[in-house]
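Here is how the chains run, residue by residue.
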Amino acid sequence: MQELLIDLGTRSYPIFIGAGLLSRSDLLLPVFAGKASGDTFAVVTNTTVAALYLDAVRSALAGKRVFDVILPDGEQHKTMATVERIFDALAAARMNRDGALIALGGGVVGDMAGFAAACYQRGIAYVQMPTTLLAQVDSSVGGKTGVNHRAGKNLIGAFYQPVGVFADTATLDTLPERELGAGLAEVIKHGMLADAAFFHWLEDHLDQLMQRDPEALAHAIRRSCEIKARIVAMDEREAGVRALLNLGHSFGHVIEAATGYRDWLHGEAVGSGLLMASDLSHRLGWMSESDLHRVETVLKRAGLVRPAPRIGVDRALEYMGMDKKVRQDRIRLVLLKPLGQALVSAEYSTEALRGVLNSHFGAM
Ligand code: NAD
Ligand code: GLY
């Protein structure tokens, strides 16, 4: 097992990474010390994950008062109405501020359960138990919680840190192939934005990762969490440097929005977005041709390069938040200068951006 710390002063917390962590009461109970004095725990999960892993978590809480909140599975349920169901269950169980919540599942469960923990009685302690690769390397760490709204994804939310993260790598054995790829996109993102040596390691170990080699996965999760932890510690509420974690997201967002958030997983859209951000960085002379080729090769090997919807450059610009009428209003993009070092910049030519968008979204 490996352990690292998110350093946020009085809100610091440990991240545990390893196989078989879900049932480890010796690790779980101490993280609540001084934060939840009661003996009542709510385990929030979904139908899919409950069938696989709820018993393990319940065994870690033997002797405590435990109740489950089992939500429907799917991004379409990441809404206030579903969070309301969590509140109903907490209130029905007469949970008070001494109680604690455990978020068991992927990013959808983690974001909703974290948001419920932030709001219920103005905040109760919670733990993240991420069971997808994406959640283990990204969404369970850093305290962003929330739900979608008709008007936008993750529009309603709060920054609210957990008291601990338990990334049980054994849960990845049951993860569908596509979900594994979506998580790998975020791992590759971390190498690209902050650590060229880690990117190189990924080139060497991608096959092992795709075959779910436990040691390779544990290393990739640890390095991703270290990179994210360092950035979050510098800028918890995304006033500056945390925006670097959005590498590939502005481009990925075009794909997700154009396809109605249905056909592509978020991580898959980010994967294609990483290639587009690299392409633009190369056109600006910030990233070499050979590094662009390396990025494309890794993404292809991870199954993350597929044709984007041919919606045309103007619609793509609109989805990026650049209105046709106010073309001077260029948004700031996360780009690479060079591979392994990201920056936020509006210092790119619109011409170069249009070139990138044309090659990915332009008419065939
Ligand atoms: P998800 O939570 O929908 O999980 C993907 C699928 O895998 C679901 O069907 C789930 O039930 C299933 N599943 C989960 N664990 C499993 C396991 N071990 N075995 C078998 N099946 C399993 O998707 P996700 O990719 O984990 O998360 C995506 C969400 O995360 C999005 O809503 C996104 O907005 C959010 N997100 C949040 C942050 C953040 O910082 N808070 C960062 C990135 C993404
Ligand atoms: N997923 C980006 C962030 O947590 O800031």
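See the structure shown above.
Predicted, not measured: the structure shown is a model, and the values here were computed from it.

Quick look at the site of ligand 1
Around ligand 1, the surrounding shell holds 26 residues, and the nearest of these are E75, G107, T131, T132 and T174. With respect to ligand 1, the side chain of T132 contributes an N or O atom lying 2.6 Å from an oxygen atom. A distance of 2.9 Å separates a nitrogen atom of ligand 1 from a polar backbone atom of T171. Every element with two or more residues in the shell around ligand 1 is listed here: α2 (47-60), α4 (107-119), α5 (133-139) and β8 (152-159). The leading source of residues in the shell around ligand 1 is α2, at four residues. Residues of the shell around ligand 1, tallied by class, amount to seven nonpolar, ten polar and nine charged.

Side note on the nonpolar core
Judged by nonpolar contacts, the single largest core of 77 residues is most densely connected at I188, F251 and L353. Among the elements that make up this core, the one with the highest residue count is helix α8 (residues 214-234) (nine residues). Apart from residues lying up to four places away in sequence, I188 is in contact with F199, L202, L274, V298, L299, A302 and L304. In this structure, L28, A36, V49 and A100 belong to the second largest nonpolar core, which totals 26 residues.

Notes on the site of ligand 2
As a matter of local geometry, ligand 2 sits amid D138, K144, K228, E238, R242, L245 and N246. A distance of 3.2 Å is found between a nitrogen atom of ligand 2 and a side-chain nitrogen or oxygen belonging to D138. A distance of 2.7 Å is found between an oxygen atom of ligand 2 and a side-chain nitrogen or oxygen belonging to K228. Contact with the protein chains covers 88% of the free accessible surface of ligand 2, which is 200 Å². Residue classes in the shell around ligand 2 are distributed as one nonpolar, one polar and five charged.

Some remarks on the pattern of salt bridges
Under the counting rule described, the total for this entry stands at 22 salt bridges. Notably, a salt bridge pairs D291 with R294, separated by 3.0 Å at the nearest N-O pair. Of this pair, D291 and R294 both sit in helix α11 (residues 289-301), three residues apart, which is roughly one turn of the helix. Among the residues examined, R294 registers a relative accessible area of 25% and is labelled partly exposed. The salt bridge partner of R354 is D314, with a shortest N-O separation of 3.4 Å. Taken as a pair, R354 in helix α13 (residues 350-361) and D314 in helix α12 (residues 313-319) lie far apart in primary sequence, 40 residues in all. On the basis of relative accessible area, R354 is assigned to the partly exposed category, the value being 29%.

What to know about the environment of A56
Counting through the fold element by element, A56 comes out in helix α2. With 48 residues separating them along the chain, A56 and L104 place their C-alpha atoms 11 Å apart. When sequence neighbours within four positions are dropped, the list of residues in contact with A56 reads L22 and S23.

Some words on the packing of aromatic side chains
Working definition: an aromatic ring pair is given by the centre-to-centre distance plus the angle between the planes. This model, assessed by the stated rule, comprises four aromatic pairs. Geometrically, the ring pair formed by F198 and W201 is stacked, given 5.9 Å between the ring centres and 20° between the ring planes. Of this pair, F198 and W201 both sit in helix α7 (residues 196-210), three residues apart, roughly one helical turn. R306 extends its terminal NZ or CZ atom over the ring of W264, reaching a point 3.9 Å from the ring centre.

Some remarks on the packing of α7 against α11
In contact at an axis separation of 10 Å, α7 and α11 are set at 15° when each is read in the N-to-C sense. The orientation of α7 with respect to α11, classified from their angle, is roughly parallel. Of the two possible hands of crossing, α7 and α11 adopt the one that is left-handed. Within the contact between the two elements, α7 uses F199, H200, E203, L206, D207 and M210 and α11 uses R294, V295, V298 and R301.

Some remarks on the sheet that holds strand β6 (residues 125-130)
Sheet architecture is open: seven strands sit in the order β1-β2-β9-β6-β5-β3-β4, paired in mixed fashion. At either end of the open sheet lies a strand with only one pairing partner, and these are β1 (2-6) and β4 (65-71). Taking the axes of each pair of neighbouring strands and ignoring which way they run, one obtains an average angle of 20° across the sheet. Judged from the four bridges that link them, strand β2 (residues 13-18) and strand β9 (residues 164-168) form a sheet pairing that is parallel. Each bridged residue has a counterpart across the sheet, and for I15 the counterpart in β9 is V165. Packed onto the sheet, α8 meets β1 and β2 and runs at close to 15° relative to β1.

With respect to the pairing of β6
For β6, the tally of buried residues reaches six of six residues, placing the bulk of the element in the interior. Alternating positions in β6 separate into two faces, A125, V127 and M129 on one and Y126, Q128 and P130 on the other, with burial throughout. With six bridges joining them, strand β5 (residues 100-105) and β6 adopt parallel strand pairing. Note on β6: the bridge partner recorded for L101 is Y126. The handedness of the β5 to β6 crossover, carried by α4, is right-handed.

Scoring rules and cut-offs
- Residues numbered from 1 in each chain as written.
- Chains lettered and ligands numbered in written order.
- Predicted model: local features only at pLDDT ≥ 70, side-chain atom pairs only at ≥ 80, totals over all residues.
- Heavy atoms only, no water.
- Near = heavy atom within 4 Å.
- Polar contact = N/O pair within 3.5 Å; in protein donor to acceptor, adjacent residues only side chain to side chain.
- Helix = DSSP H or I, 4+ residues; strand = E, 2+ residues; numbered from the N terminus.
- Nonpolar A, V, L, I, M, F, W, Y, C, P; charged D, E, K, R; others polar.
- Core = buried A, V, L, I, M, F, W, Y, C linked by side-chain atoms within 4.5 Å.
- Buried < 20%, exposed > 50% of the residue type's maximum accessible area, 1.4 Å probe, protein only.
- Contact = heavy atoms within 4.5 Å.
- Areas by Shrake-Rupley, 256 points an atom, 1.4 Å probe, with all protein chains shown as cover.
- Salt bridge = Lys/Arg side-chain N within 4 Å of Asp/Glu carboxyl O.
- Phe/Tyr/Trp six-rings, centres within 6.5 Å; stacked < 30°, edge-to-face > 60°.
- Lys NZ or Arg CZ within 6 Å of the ring centre and 35° of its normal.
- Axes fitted to C-alpha atoms, helices over the stretch in contact; angles between N-to-C directions.
- Parallel < 35°, antiparallel > 145°, perpendicular 65-115°, else oblique.
- Left-handed = near helix turned anticlockwise from the far one by under 90°.
- Pairing = 2+ DSSP bridges.
- Right-handed = clockwise from strand over helix to strand, strands pointing away.

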